[in-house]
Structure formats: C-alpha cells, structure tokens
Amino acid sequence: MKYNRNLFALCIGCALVQAGDMIITSFLPVLLTEIGNPVKASFWAGIIFAAGSLATAIMAPIWGTLADRYGTRPMLIRAGLTLTVSYAFVGFATNYIQVLFLKVFIGVLAGYIHSATMFIATTTPNEDLGFSMSLLQTTMAIGTISGPILGAGFVSLFELSGAYVASATLPLVATIIAIFVIKEKAIRKRQKTSIIKGMHDAISLPVLQILFATLILMQAGTACIRPTLPLLIQELEPQNPAFAISVIATLFGVATAIFAPLVGRYWKGNYISMLRDNLIALVLFMTLQGLSPSVYSLGIFRFISGAPSIALTVAINVLVAQAVPVEIRGTVFGVMNSMSSIGYVLGPLIGGFLG
C-alpha cells in the first residue's frame, strides 16, 4: 500500500488536534483563575494535567493492543470524537472538579496523535521512518504555532470560555479526515494474546527499557513547567499576559517547524547520537529558561529549546519502531505512550507543587 496519502492526511489531522491542545494547555491555568480561587490555580492546574496524563498512561497500552487487533483507523475516530465533545464542555465548566473530570475523560478515550504515530510506525517502510516522523512533527509544529494564535483570537471574539467551545471544531475536522480520507489494510487474523502479556513482552527488551526510562525522565522534565509557565509569563508581562503567552508558545512551535526537517540530516540517521546530544542540549536550555529575568529572554530560550525537543521525539520514535517487528508496533507504541504519560504525570505534579 502506498503510504503517502495516509501520511499527509494524518499530518493535517495531527496539526489540527495539536492546535486545539495548545489552546487548552495555554489558557487552562488562566481559566482556572477565573472559575475558582486564583491562589490555588497553579496547584489545581498541576493536578488536572497530571490526572489526564495518568488516565492516558493506564489506557494507552490497551488502545495500542486493540489497534494491532482491529486497526488504527477506528482508534483515530474514537479519539477525535472524544476531543470534540470534551473541548466544547470545558467551555461550560464552572469549577475545578468539572475541568478535572473532563481532562480525565480525554485521557481515557482520546489519543489522536498517539494513534496517528502508531499508524505511521506500522505502515511506513523502515528506511522512510525518519522522514515520516520528522514530517509529522513539522506539521504538528504548525499546530503548535497556530493554536495559541487561534486561541488569542477566540478569546477576543468569544471570551475565554467561548474559546474552548470554538476550539472543538479543530478535532472535529480531524475526525472527518480519519473517516473519509484515511485508508487502512484489512487486519490479518493472528493469535491474540492478553494485553498484560503484550505489555510484558514489550518492556522485556533491554533496548526498550532504556528508551522508555529516558522518555519518562525527558517528559517529566519538560512537563514540569506546564502548570506554571503561563503564570510566570503573567508575572513577567502583567500588562498583556494573554498576548505574551501566545507569542512564547508560538516561538516554540516555530522552532519545531524549522528544525524538524533538519535534525535527521544533521545526524545522518544516527539516532543514538541524536538522542544523546539533544538530551544534553535540552538540559542546558531548560535551565536557562528558569533563570530568565524577563519575558524576552524567556522567549529566546524557549525558542532554542524547540530544536533538541523535536530531535528527541524523532529519535525515540524511530528507535522504538526499529527495535520491534511491524506486527506488534501498535502494542509497543501503546506502552511507549503510557511511559510518556507517566512522565507527564510526574512533571505537572512537581511543577504545580513548586509553583
């Protein structure tokens, strides 16, 4: 099967979903200050982000195994519909508990980008994996760039709560793409194994253990600032915080879009060196973000950190895909997404507490 059509369609769908996620992520701490006690907003933002990631960590291996059995396309449709409904209802939330419930609901049933990554990993020839993963990250970066801009526009037009309702149109279009554009081969009947056994087999390989452990630590470190970054920007730029939040989030996306097509060329397919070098670089630039005395220096270091961040994502995805046969990549990527979500659980909890 030619994979190009699916690849480009999935890239568009992921860009739309990423744009919607950026709206939710960028403005959620600010929304919490409007519907509850502003002093507790940072703490609750950490709890909400962590709860959603924990739900994803529990469910991701299950959805990965089901994708191996029944196909990835149904997983895309399920995830897109979940995001559409949930984003709209966030706009009607009146307290922290309702937002928490919706974030957990998203964590349990969503995962459009994870499903798209699984689809690409299972349908792309090994020699083209680096290009395909880089292209996916590039188009997702477009979503990262456009999301905050769209969010700021939605806020100005519909106010903050209405912006969440408007953002539901983005995953809706991604769902339509999954229904009418994505084509998938019929799944071959093969011996079914239990989900627990599939997970055990996935984490029994030493190379995957190393990659999963690295992924958990990397995601925890980058997610640590999610609950407090918008509030920090609000402190550094109190005159127009919504604009500053949007600009800084956009800068990170611009860096991702610029560097995603280049990272594979620079390391020439040596994904182990790519992983090592960019871990060191990410540590440096994350530290410099924390030491930023102004919103301008924060924006600069946030922009630069986009390069190692995207290189790490591409390297880990390709190394995991190349480590296992195609027939079980759905299960393995489900476990990998679970490991990534564990990092996102730990990171916001730590960041929210420190904030």
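Up top is the structure these notes are about.
These remarks concern the structure in this document. (Residues numbered from 1 in each chain as written. Predicted model: local features only at pLDDT ≥ 70, side-chain atom pairs only at ≥ 80, totals over all residues. Heavy atoms only, no water.)

Examining the overall build of the protein chain
Threshold: Numbered from the N terminus, helices here are DSSP runs of H or I no shorter than four residues, and strands are runs of E no shorter than two. For a compact globule the rule gives 2.2 Å times the number of residues to the power 0.38, and the radius of gyration it is set against comes from C-alpha atoms. Accessibility here uses a 1.4 Å probe with only protein chains present; expressed as a share of the type maximum, an area under 20% marks a residue as buried, one over 50% as exposed, and anything in between as partly exposed. When checking whether two residues touch, look at their non-hydrogen atoms; a contact exists if any pair is within 4.5 Å. Note that accessible areas follow from Shrake-Rupley with a 1.4 Å probe, and for residues the cover is restricted to the protein chains shown. Positive charges come from Lys and Arg alone, negative charges from Asp and Glu alone, with His and the N- and C-terminal ends not counted. A charge is said to be at NZ when it belongs to Lys, at CZ for Arg, at CG for Asp and at CD for Glu.
A count of helical and extended segments in the protein chain gives 14 helices and zero strands. N-terminal to C-terminal, the α/β element order of the protein chain is α-α-α-α-α-α-α-α-α-α-α-α-α-α. Against the compact-globule benchmark of 20 Å for 355 residues, the protein chain has a radius of gyration of 19 Å, which places it among compact chains. Looking at the protein chain as a whole, 56% of its 355 residues are labelled buried. Considering only contacts within the protein chain whose residues lie at least 6 apart along the sequence, 85% involve residues at least 24 apart. With an accessible surface of roughly 15,500 Å², the protein chain has 71% of that area assigned to carbon and sulfur atoms. Looking at charge distribution, the protein chain has the averaged site of its 20 positive side-chain charges lying 11 Å from that of its 12 negative ones.

Topic: the packing of aromatic side chains
The geometry of two aromatic rings is summed up by the distance between their centres and the angle between their planes. Basically, it comes down to this: For Phe, Tyr and Trp, where Trp contributes only its six-membered ring, two rings pair if their centres lie within 6.5 Å, and the inter-plane angle classes them as stacked under 30 degrees, edge-to-face over 60, or tilted in between.
Under the definition given, this model contains five aromatic pairs. Geometrically, the ring pair formed by Phe259 and Phe303 is tilted, given 6.5 Å between the ring centres and 55° between the ring planes. Here Phe259, found in helix H11 (residues 241-267), pairs with Phe303, found in helix H13 (residues 295-323); they are 44 residues apart in sequence, far enough to count as distant. When its relative accessible area of 28% is taken as the criterion, Phe259 is described as partly exposed. Ring geometry for Tyr266 against Trp267: centres 4.6 Å apart, planes inclined by 75°, an arrangement best described as edge-to-face.

Overview of empty space enclosed by the protein
Rule in force here: Using protein atoms alone on a 1 Å grid, points that fit a 1.4 Å probe yet trap it form a cavity, whereas open point sets bounded by protein on both sides within 12 Å along at least five of seven lines form a pocket; residues with an atom within 4 Å of a point count as lining. Grid points are joined across faces, edges and corners, and a volume is the space filled by probe spheres set on the points.
Applying the stated rule across the entire model yields three cavities of 30 Å³ or more. Roughly 90 Å³ of internal volume is contained in the second largest cavity. As for the second largest cavity, its lining consists of 13 residues, and the residues nearest its centre are Ala60, Trp63, Ala110, Gly111 and His114. Considering each element in turn, the lining of the second largest cavity owes the most residues, five residues, to helix H2 (residues 41-70).

Examining the nonpolar core
Selection rule: As used in this record, nonpolar core signifies buried Ala, Val, Leu, Ile, Met, Phe, Trp, Tyr and Cys residues forming a set joined through side-chain atoms within 4.5 Å.
Leu32, Tyr112 and Val320 are the most contacted members of the largest nonpolar core, which totals 99 residues. Sort the elements by how many residues they give to this core and helix H1 (residues 4-35) lands first, with 14 residues. The contacts of Val320, once residues within four sequence positions are left out, are Leu208, Leu211, Phe212, Val332, Phe333 and Met336.

Things to note about helix H4 (residues 96-109)
Rules: In a helix, the anticipated span is given by 1.5 Å times the number of residues less one. The arc in question is formed by the directions pointing from the helix axis toward the C-beta atoms. Two N or O atoms form a polar contact when they lie within 3.5 Å of each other; inside protein one atom must be a possible hydrogen donor and the other a possible acceptor, and for residues adjacent in sequence the pair counts only when both atoms belong to side chains.
In a regular helix each residue adds 1.5 Å, so 14 residues correspond to 20 Å; H4 covers 20 Å between its end C-alpha atoms and thus fits that length. Listed as buried for H4 are Tyr96, Val99, Leu100, Leu102, Lys103, Ile106 and Gly107. Buried residues of H4, viewed axially, fall in a sector of 165°; they line one side. With respect to the buried face of H4, the exposed residues turned more than 90 degrees away are Ile97 and Phe101. The secondary structure elements touched by the buried residues of H4 are H1, H2 and helix H3 (73-90). The N-capping residue of H4, defined by a side-chain oxygen 3.1 Å from the backbone nitrogen of Ile97, is Asn95.

With respect to unusual backbone geometry
One non-glycine residue, Glu159, adopts positive backbone phi at about 70°. With respect to the helices, strands and loops of the structure, Glu159 is situated in helix H6 (residues 129-167). Here the phi dihedral of Lys268 falls at roughly 55°; this positive angle occurs in a residue that is not glycine.

Description of H2
Because an α-helix packs 3.6 residues into every turn, residues spaced three or four apart end up facing the same way. Where we set the bar: At any given residue, the bend is defined as the angle formed between two axes, one fitted to the seven residues that end at that position and one fitted to the seven that begin there.
The terminal C-alpha atoms of H2, which comprises 30 residues, lie 41 Å apart, in line with the 44 Å expected from a rise of 1.5 Å per residue. The largest bend along H2 measures about 40° and falls at Met59, with the proline Pro61 one to four residues further on. Positive backbone phi, at 105°, marks Gly71, one or two positions downstream of H2.

Things to note about the packing of helix H10 (residues 229-236) against H11
Test applied: An axis is simply a line fitted to the C-alpha atoms; with a helix, the fit covers only the stretch in contact. Between two such axes, the angle follows the N-to-C directions and lies from 0 to 180 degrees. Angles below 35 degrees are treated as roughly parallel, those above 145 as roughly antiparallel, those between 65 and 115 as roughly perpendicular, and all remaining angles as oblique. Helix crossings get a hand from a simple test, with the near helix turned counterclockwise from the far one by less than a right angle marking a left-handed crossing and a clockwise turn marking a right-handed one. Each residue gets one label: Ala, Val, Leu, Ile, Met, Phe, Trp, Tyr, Cys and Pro are nonpolar, Asp, Glu, Lys and Arg are charged, and the others, such as Gly, are polar.
One can describe the packing of H10 onto H11 by two numbers: an axis separation of 9 Å at closest approach and a directional angle of 125°. In terms of their interaxial angle, H10 and H11 are classed as oblique. Crossing handedness for the pair H10 and H11: right-handed. Listed contacts from H11 to Pro230, Ile233 and Gln234 of H10 are Pro241, Ala244, Ile245 and Ile248. Tallied by class, the residues present in the contact of H10 with H11 amount to six nonpolar, one polar and no charged.

Some details on the pattern of salt bridges
Inclusion rule: Only one rule defines a salt bridge in this text: a Lys or Arg side-chain nitrogen within 4 Å of an Asp or Glu carboxyl oxygen.
Per the stated rule, a full pass over the model turns up one salt bridge. The closest approach of N and O atoms between Asp277 and Arg276, which form a salt bridge, is 3.2 Å.

Notes on the packing of H1 against H4
Between H1 and H4, whose axes approach to 10 Å, the crossing angle comes to 155°. Classed by the angle they form, the pair H1 and H4 counts as roughly antiparallel. Here Ile24, Leu28, Leu32 and Ile35 of H1 lie close against H4, whose contacting residues are Tyr96, Val99 and Lys103. A breakdown of the residues in the contact of H1 with H4 according to their chemical character gives six nonpolar, no polar and one charged.

Describing the environment of Ile179
With respect to the helices and strands, Ile179 occurs in helix H7 (residues 169-180). Between the C-alpha atom of Ile179 and that of Pro74, which follows or precedes it by 105 residues, the distance is 8.5 Å.

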